[in-house]
Amino acid sequence: MHPGASPPPPEPTAFDGRPGLIDTRGRALRDLRISVTDRCNFRCTYCMPAEVFGRDYAFLPHSEVLTYEEIHRLAGLAVGLGVQKLRITGGEPLIRKALPDLIAMLAGLRTPEGDRVDLTLTTNGSALRALARPLAEAGLNRITVSLDSLDDEIFRRMNGVDFPVARVLDGIAAARDAGLAPIKVNMVVKKGENEVSIVPMARWARDEGLILRFIEYMDVGTTNGWRLDDVLSAAQVVSAIDAEMPLEAAESSYRGEVASRWRYRDGSGEVGVIASVTQPFCGDCTRARLSAEGKLYTCLFSAQGTDLRAPLRGGASDADLRDLLESIWSARTDRYSELRTDATSRLPRVEMFAVGG
Ligand code: SAM
Ligand code: SF4
Ligand code: SF4
């Protein structure tokens, strides 16, 4: 350095102490959720209600969906900028053709420190029997299965297509046989629909050694008719379980963990609750979401994303795309859940099945 010259600015560091892209509130970009399709074979009442997503609904034409090569390129750039975890989602990701091919491509990515990325997937479990093994062999590390009830009647009603719960349970068994452990199970709790399933699900997951997380029903998208009154709070979920199987609060495993963890006092395991509505965690939110058509969203409740497909298909260099990602993340101010009211739930926003939750 020349005498008198000022030292170079320090590398920005986030609350986890690692270098990376930092937004206006000090949050690093660590987690990228990639939606591989906007289509789904379910019509869950809280996500894609059947009345709205009927036969005539116009899903994206194939040409508008990112190819696996395009996804791989963007994911690689994001990993170079500090992303450590990739989650494949949808729509229903397992209905996209040859998904293990994409998993194999993403499993080859390395962080700047030379580490593998944590590669996981969220699915409704309906096609896991056939796909669990090919996915595991392609390099998938873990899996999350969404399951809202063990009661066949309630489950069939909530998934909107009369799909039997036994097939999802069989899919979970296939995932376990394929070595995709630990398996997480997500249950969205909607008042009046499945609160009677809370305790049976907790007992079952504990007995099966699955990591169960209860999710508060959120005002995602614009079609589910969300009302605050339909939300059963995480605190109510915890107290319902505690009354039958006593719980105590457990420490979170890392900063930015969205689930609060509760341990059974008899040492038999734990459950998590994701209180996105009643106890927002925007301050620790390190996630971006890439939609199937290649738009990047920095919040689940964003009205608009930034189109990455046009530059990608228009010949942008890696440096151009990196600059774009940097400029999007460094301008990020999102904290929707901290500001939520019944009125904000009527603002325009992206649909959940488009960005994958
Ligand atoms: N189809 C896959 C599945 O259901 O697991 C992946 C996509 S789905 C949109 C991702 C997650 O979002 C699921 O666990 C689902 O239960 C959750 N989800 C969808 N709508 C929701 C809502 N209104 N409130 C809370 N969670 C929701
Ligand atoms: Fe499909 Fe998942 Fe939405 Fe249910 S939650 S409709 S399975 S995308
Ligand atoms: Fe992150 Fe937006 Fe959810 Fe807040 S509301 S936790 S910023 S996705």
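Residues numbered from 1 in each chain as written. Chains lettered and ligands numbered in written order. Predicted model: local features only at pLDDT ≥ 70, side-chain atom pairs only at ≥ 80, totals over all residues. Heavy atoms only, no water.

Asks: Could you clarify how one ought to interpret the pairing of strand S3 (residues 118-123) in this entry?
Replies: Side-chain positions along a regular strand alternate between the two faces of the sheet. Burial analysis of S3 places 5 of its 6 residues in the buried class, which makes it a mostly covered element. You can see the chain leave strand S2 (residues 85-89), run along helix H2 (residues 99-107) and come back into S3, and the turn it takes is right-handed. Bridge count for S3 against strand S4 (residues 143-146) is 2 bridges, and the pairing is parallel. Each residue of the ladder has a partner; that of Thr 122, found in S4, is Thr 144. Remark: the S3/helix H3 (residues 128-138)/S4 crossover connection has right-handed handedness. (Buried < 20%, exposed > 50% of the residue type's maximum accessible area, 1.4 Å probe, protein only. Helix = DSSP H or I, 4+ residues; strand = E, 2+ residues; numbered from the N terminus. Right-handed = clockwise from strand over helix to strand, strands pointing away. Pairing = 2+ DSSP bridges.)

Asks: It is not clear to me how the packing of aromatic side chains should be interpreted in this structure. Could you clarify?
Replies: Under the definition given, this model contains 5 aromatic pairs. Between Phe 53 and Tyr 57 the ring centres are 4.6 Å apart and the planes differ by 55°, which places this aromatic pair in the tilted class. By relative accessible area, which is 31% here, Tyr 57 ends up partly exposed. Centroid distance Phe 301 to Tyr 336: 4.3 Å. Interplanar angle 20°. Geometry classified as stacked. With Phe 301 in the loop between strand S11 (295-297) and strand S12 (306-307) and Tyr 336 in helix H10 (residues 336-339), the pair connects residues that are 35 residues apart, well separated along the chain. Of the residues examined, Phe 301 reaches a relative accessible area of 9% and is grouped as buried. With relative accessibility at 11%, the residue Tyr 336 sits in the buried group. Connected via pairs of aromatic rings, a cluster forms that spans Phe 42, Phe 155 and Phe 163. If you follow Arg 206 out to its NZ or CZ, it ends over the ring of Tyr 264, 5.1 Å from the centre. In this structure, Arg 340 is placed above the aromatic ring of Phe 301, and the distance from its NZ or CZ to the ring centre is 5.1 Å. (Phe/Tyr/Trp six-rings, centres within 6.5 Å; stacked < 30°, edge-to-face > 60°. Lys NZ or Arg CZ within 6 Å of the ring centre and 35° of its normal.)

Asks: Can you help me understand helix H4 (residues 152-159) in this one?
Replies: What sets the pattern is the α-helix's 3.6 residues per turn: residues three or four places apart point alike. Within H4, the full set of buried residues consists of Ile 154, Phe 155, Met 158 and Asn 159. Looking straight down H4, one finds its buried side chains confined to an arc of 120°; they lie on one side. Opposite the packed face of H4, turned more than 90 degrees from it, sit the exposed residues Glu 153 and Arg 157. Tucked inside the fold, the buried residues of H4 contact helix H5 (165-177) and strand S5 (183-189). Positive backbone phi, at 75°, marks Gly 160, one or two positions downstream of H4. (Arc of directions from axis to C-beta. Contact = heavy atoms within 4.5 Å.)

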